[in-house]
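# What the coordinates show
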Amino acid sequence: MKLETIVLHGGYSPDPTTKAVAVPIYQTTSYAFDSTQHGADLFDLKVEGNIYTRMTNPTNAVLEKRVAEMEGGIGGLAFASGMAAITAALLTIVEAGDNVVTTSTLYGGTYNLFAHTFPQYGIDMRFANYRDLQSFADRIDQRTKAIFCESIGNPLGNVADLSALAELAHQHGIPLLVDNTVPSPYLCQPFVHGADIVIHSLTKYMGGHGNSLGGIIVDSGKFPWQQQAAKFERLNKPDGSYHGVTFTETFGQAAYIARARVVPLRNMGAALSPLNAFLLLQGIETLPVRMDRICNNALAVATYLKQHSQVKWVNYAALPDSPSKSLVDKYMGGRASGILSFGIQGGREAGGRFIDALKLIVRLVNIGDARSLACHPASTTHRQLSPAELEKAGVSEEMIRLSIGLEHIDDLMADIEQALTAATLGT
Ligand SMILES: *Cc1c(COP(=O)(O)O)cnc(C)c1O
């Protein structure tokens, strides 16, 4: 079925007992065993069923199935946040002594995790130049376990060359992991272009209303873990962290997503609340119609800013002269989601005045809300970065990031216009 249908029906049919049409919220921590034997069989993975909500929950299961269908994957695994999903996605296959090749143009939280936290645990994160495929290749060695990228980088708006990165990863027997938060599966399905694992912050466009944190990993089921048994020992040898199970033997092509559930999720515990799963499902039902409006609004705002005399530059991949235009055409049908950034004449101070003058667009550090949002990355999301790191992340001091929402375009334009005037008058 098409995505517009999957968002409404995927992973759920009316509950057989109650006939409830909306997905029920299973607000429970645990599930009763029929007998001691039943409990033992559940723990041995001999029968299907629920044990404890840190591992499985029926509301979360609908979300996992629905997003997996939307991405064209074989299974999903929900987490308490996007950061928890990214952490678990890597820890499923990476450990001390290993390395991962990525780029520096990433969401600020992901950059901090990669540049500062993972190295403290012996995981070497190697930052390539997103414009230069060779720089990814140069950083791969025997201990490289994955390539990680964002399909559209936040906040730079750069688009990853997904099929080229997938090909490079596969030449080296490693998977491509893609954070697909910014375009959402409505605009881009990385598995179609060769990616192996997709990750989302559901907090953003998927939930879409700025009310719940959540994250998810989706497994394409296509990566040949068994053929790369020497590289991915944890999936191919008995695993002490789950009763000595050998994931590729027990779960076949679902080995990766199974280990993600019973090792990082179960042992580290960043489980999604079922109430949040329900709220995120509500948001997902309207993803396609919201994204249509958001893309139209964002393109109109970017086009307006581009010709404005007070604006120095605009980054929005769907603009005709954007360096990412050919990639956004190839992977996203020419549509670049709702995030755009721009630099205003007068640098950091004028940027601050612009943000302070906004009356409708909300000053905060989220993206993908139904409301339009504005932030100054250098003083907020990317504040901990040194000037050199800021430059590598593609964040200039004057950069303003807008996350365009669903308001009427006339009202958005009027707010931006008056804030630009106020920012200029202040000089
Ligand atoms: C927000 C965001 C994350 C982190 O998600 P949380 O739900 O806030 O933990 C990861 N990647 C991208 C691209 C994001 O925008």
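Because the structure is a prediction, the values reported are computed rather than measured. (Residues numbered from 1 in each chain as written. Predicted model: local features only at pLDDT ≥ 70, side-chain atom pairs only at ≥ 80, totals over all residues. Heavy atoms only, no water.)

If you tally the helices and strands in the protein, you get 17 helices and twelve strands. Scaling as 2.2 N^0.38, a compact globule of 427 residues should have a C-alpha radius of gyration of about 22 Å, and the protein matches this with 22 Å. Relative to its full complement of 427 residues, the protein shows a buried share of 56%. Residue pairs at least 24 apart in sequence account for 71% of intrachain contacts in the protein once pairs closer than 6 positions are excluded. Counting 34 positive and 40 negative side-chain charges, the protein places the averaged centre of each group 2 Å from the other. (Helix = DSSP H or I, 4+ residues; strand = E, 2+ residues; numbered from the N terminus. Rg over C-alpha atoms; globule rule 2.2 N^0.38 Å. Buried < 20%, exposed > 50% of the residue type's maximum accessible area, 1.4 Å probe, protein only. Contact = heavy atoms within 4.5 Å. Lys, Arg positive; Asp, Glu negative; His and termini not counted. Charge placed at Lys NZ, Arg CZ, Asp CG, Glu CD.)

Moving on, we get to the packing of aromatic side chains. The tally for this structure, following the rule as stated, stands at nine aromatic pairs. Look at Phe 342 and Phe 354: their rings are 5.4 Å apart centre to centre, the planes differ by 90°, and that puts the pair in the edge-to-face class. Of this pair, Phe 342 sits in strand E9 (residues 339-344) while Phe 354 sits in helix H15 (residues 347-357); the two residues are twelve residues apart in sequence, bridging distant segments of the chain. Each member of the pair, Phe 342 as well as Phe 354, is classed as buried. Taken together, the ring pairs in this structure connect Phe 223, Trp 225, Phe 232 and Tyr 256 into an aromatic cluster. Here the guanidinium or amino end of Lys 204 rests over the ring plane of Tyr 107, the centre of that ring lying 4.7 Å away. (Phe/Tyr/Trp six-rings, centres within 6.5 Å; stacked < 30°, edge-to-face > 60°. Lys NZ or Arg CZ within 6 Å of the ring centre and 35° of its normal.)

Burial within strand E2 (residues 99-103) is extensive, with five of its five residues counted as buried. Residue alternation in E2 divides its side chains into two sets, Asn 99, Val 101 and Thr 103 and Val 100 and Thr 102, and both sets are buried. Pairing between E2 and strand E3 (residues 124-128): five bridges, direction parallel. Within E3, the position partnered with Val 101 by the bridge is Arg 126. (Pairing = 2+ DSSP bridges.)

In total, this model carries 15 salt bridges according to the counting rule given. In this structure, Asp 44 engages Lys 46 in a salt bridge whose closest nitrogen and oxygen atoms are separated by 3.7 Å. When the shortest N-O distance is used, the salt bridge between Asp 98 and Arg 143 registers 2.8 Å. Of this pair, Asp 98 sits in the loop between helix H4 (82-91) and E2 while Arg 143 sits in the loop between helix H6 (133-138) and strand E4 (144-150), placing them 45 residues apart in sequence. The exposure class assigned to Asp 98 is buried, which follows from its relative accessible area of 1%. Classification of Arg 143 by relative accessible area gives partly exposed; the value is 40%. Through salt bridges that share partners, Asp 98, Arg 143 and Lys 145 make up one connected network. (Salt bridge = Lys/Arg side-chain N within 4 Å of Asp/Glu carboxyl O.)

Right, let's talk about the side chain of Asn 236 for a bit. By secondary structure assignment, the location of Asn 236 is in helix H9 (residues 233-236). Polar side-chain contacts of Asn 236 include one of 3.1 Å to the backbone oxygen of Trp 225. Among the polar contacts listed, one links the side chain of Asn 236 to the side chain of Thr 248, at a separation of 2.9 Å. In this structure Asn 236 touches Trp 225, Gln 226, Gln 228, Ala 229, Thr 246 and Thr 248, once residues within four positions along its chain are discounted. (Polar contact = N/O pair within 3.5 Å; in protein donor to acceptor, adjacent residues only side chain to side chain.)

Looking now at the site of the ligand. Inspection of the region around the ligand gives 14 residues, with Gly 82, Asp 179, Ser 201, Thr 203 and Lys 204 positioned closest. Contact distances for the ligand include 2.8 Å between an oxygen atom and a backbone N or O atom of Gly 82. Separating an oxygen atom of the ligand from a side-chain N or O atom of Ser 201 is a distance of 2.8 Å. Burial of the ligand by the surrounding chains reaches 94%, relative to a free accessible area of 380 Å². It is H4 that provides the largest number of residues to the shell around the ligand, a total of three residues. Class assignment for the residues of the shell around the ligand results in four nonpolar, seven polar and three charged. (Near = heavy atom within 4 Å. Areas by Shrake-Rupley, 256 points an atom, 1.4 Å probe, with all protein chains shown as cover. Nonpolar A, V, L, I, M, F, W, Y, C, P; charged D, E, K, R; others polar.)

The next thing to look at is the sheet that holds E4. Taking strand neighbours across the sheet as the criterion, the seven strands line up as E1-E7-E6-E5-E4-E2-E3 in an open arrangement whose pairing is mixed. For this open sheet the edge positions go to strand E1 (75-79) and E3, each flanked by a neighbour on one side alone. Strand-to-strand twist across the sheet, computed as the mean angle between neighbouring axes with direction ignored, equals 20°. Set on the sheet, helix H5 (residues 108-120) makes contact with E2, E3 and E4; between it and E3 the angle comes to about 130°. (Axes fitted to C-alpha atoms, helices over the stretch in contact; angles between N-to-C directions.)

Taken together, five strands build an open sheet; the order of strands is E8-E9-E12-E11-E10 and the sheet is mixed. If you trace the sheet from one side to the other, it starts and ends with strand E8 (311-315) and strand E10 (362-363), each paired once. With three bridges connecting them, strand E11 (residues 373-375) and strand E12 (residues 399-403) associate as antiparallel partners. Bridging across to E12, Cys 375 finds its partner in Arg 401.

A separate point is the environment of Ala 419. Tracing the sequence through the fold places Ala 419 in helix H17 (residues 409-425). Take Ala 419: its relative accessible area is 0%, and that puts it in the buried class. Taking C-alpha positions, Ala 419 is 54 Å from Leu 235, a pair spaced 184 residues apart along the chain. Setting aside anything within four residues of it in sequence, one finds Ala 419 in contact with Phe 354, Ala 357 and Leu 358.

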